[in-house]
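# Breakdown of the fold
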Amino acid sequence: MTENEEFEYVAPAVRPSIELGPGQAAHEVAYRTAHDLLSRRFPVEALEVLEPALADDPDNIGLRSMRAWAYMLRAQLAKAEAELRWLVERDPSDAWSQHSLGRVLERQDRLEDALGPLRLAAAMSDDYDHHAAVYRVSNRLAQRQE
């Protein structure tokens, strides 16, 4: 490869049938596969794995979390918001879902709406990134009011 050529990352092909280990359910394999793909920033491929698993188990919180993450990576913010609202409704104490919802709302420039979930996530987790998000959104809101 020469200096001017770009290297393109390509996701591995998703096997149509994934072998299950002893005691594993198909949705567990889908979750782990999707997590691996999303951590390597392959949301389209992750969604291809998640959709059939969610068709079989539509209320699976883990799979729905992975789908929300995939939508966020693809900047499909309306779909991500709907998925995250569903997750927050089921478990308001989930700091990841609260923070992610706040970030999605922030990315849509809905700062007033974003601040509540971001504050909840920061209070629940005491995570630096969660506190930084609250600070960032609060400052942006204050700048708008000036």
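Residues numbered from 1 in each chain as written. Predicted model: local features only at pLDDT ≥ 70, side-chain atom pairs only at ≥ 80, totals over all residues. Heavy atoms only, no water.

## Focus on the overall build of the protein chain
- Of regular secondary structure, the protein chain possesses seven helices and zero strands.
- Ordered by position in the sequence, the α and β elements of the protein chain form the string α-α-α-α-α-α-α.
- A buried classification covers 37% of the 146 residues belonging to the protein chain.
- Just so you have it, the protein chain exposes about 9,100 Å², and 50% of that area is on carbon and sulfur atoms. (Helix = DSSP H or I, 4+ residues; strand = E, 2+ residues; numbered from the N terminus. Buried < 20%, exposed > 50% of the residue type's maximum accessible area, 1.4 Å probe, protein only. Areas by Shrake-Rupley, 256 points an atom, 1.4 Å probe, with all protein chains shown as cover.)

## Quick word on the pattern of salt bridges
- Under the defined criterion, the tally for this structure stands at 13 salt bridges.
- For the salt bridge of Arg-40 with Asp-36, the shortest nitrogen-to-oxygen distance reads 2.8 Å.
- On the basis of relative accessible area, Arg-40 is assigned to the partly exposed category, the value being 37%.
- Measuring nitrogen to oxygen at the nearest pair gives 2.7 Å for the salt bridge that ties Arg-136 to Glu-106. A residue pair is termed long-range when its members are at least 10 positions apart, and Arg-136 in helix α7 (residues 128-145) and Glu-106 in helix α5 (residues 95-107) qualify at 30 residues.
- Look at Arg-136 and you get partly exposed, because its relative accessible area is 32%.
- Take Glu-106: its relative accessible area is 6%, and that puts it in the buried class.
- Within this structure, Arg-103, Glu-106, Asp-109, Arg-136, Arg-140 and Arg-144 form a network of salt bridges that share partners. (Salt bridge = Lys/Arg side-chain N within 4 Å of Asp/Glu carboxyl O.)

## Here we look at the packing of aromatic side chains
- Enumeration according to the criterion identifies zero aromatic pairs in this entry.
- Positioned above the aromatic ring of Trp-86, the side-chain terminus of Arg-64 is 3.7 Å from the ring centre. (Phe/Tyr/Trp six-rings, centres within 6.5 Å; stacked < 30°, edge-to-face > 60°. Lys NZ or Arg CZ within 6 Å of the ring centre and 35° of its normal.)

## What to know about the confidence of the model for the protein chain
- Per-residue confidence for the protein chain gives a mean pLDDT of 86; residues scoring 70 or more make up 83%.
- In this model residues 1-5 is a low-confidence stretch, pLDDT under 50, and it forms two contacts with partners more than four residues away in sequence or in other chains.
- Contacts of residues 7-23 to residues separated by more than four positions or lying in other chains number 16 contacts, the stretch itself having pLDDT below 50. (pLDDT = per-residue confidence, 0-100. Contact = heavy atoms within 4.5 Å.)

## Considerations on the nonpolar core
- Leu-50, Leu-63, Leu-84, Val-104, Leu-118 and Val-137 are the most contacted members of the largest nonpolar core, which has 35 residues in total.
- Looking at this core, you find at least three residues from each of domain 1 (20-74) and domain 2 (78-145).
- Those residues in contact with Leu-50, other than ones at most four positions away along the chain, are Ala-30, Ala-34, Leu-63, Met-66 and Arg-67. (Core = buried A, V, L, I, M, F, W, Y, C linked by side-chain atoms within 4.5 Å. Domains from an automatic or database assignment.)

## Things to note about the environment of Ile-61
- Here Ile-61 lies in helix α3 (residues 61-73).
- Among the residues examined, Ile-61 registers a relative accessible area of 40% and is labelled partly exposed.
- A sequence separation of 30 residues divides Ile-61 from Asp-91, and the C-alpha atoms of the two residues are 9.3 Å apart.
- Other than its neighbours up to four places away in sequence, Ile-61 contacts Trp-86, Leu-87 and Arg-90.

## So, the side chain of Glu-106
- Here the side chain of Glu-106 touches Arg-103 through a polar contact of 2.6 Å, side chain to side chain.
- With residues near it in sequence (within four places) discarded, Glu-106 still touches Leu-111, Ala-114, Leu-118, Arg-136, Val-137 and Arg-140. (Polar contact = N/O pair within 3.5 Å; in protein donor to acceptor, adjacent residues only side chain to side chain.)

## A closer look at α3
- Here α3 contains 13 residues, and its C-alpha end-to-end distance of 18 Å stays within 8% of the 18 Å for a straight helix at 1.5 Å per residue.
- In this fold, the buried residues of α3 make contact with α1 (26-39), α2 (43-56), α4 (77-90) and α5.
- The backbone nitrogen of Gly-62 has a side-chain oxygen 3.0 Å away, supplied by the residue at the start of α3, namely Asn-60.
- After α3 finishes, the residue Ala-75 shows a positive phi value of roughly 60°. (Expected span 1.5 Å × (residues − 1).)

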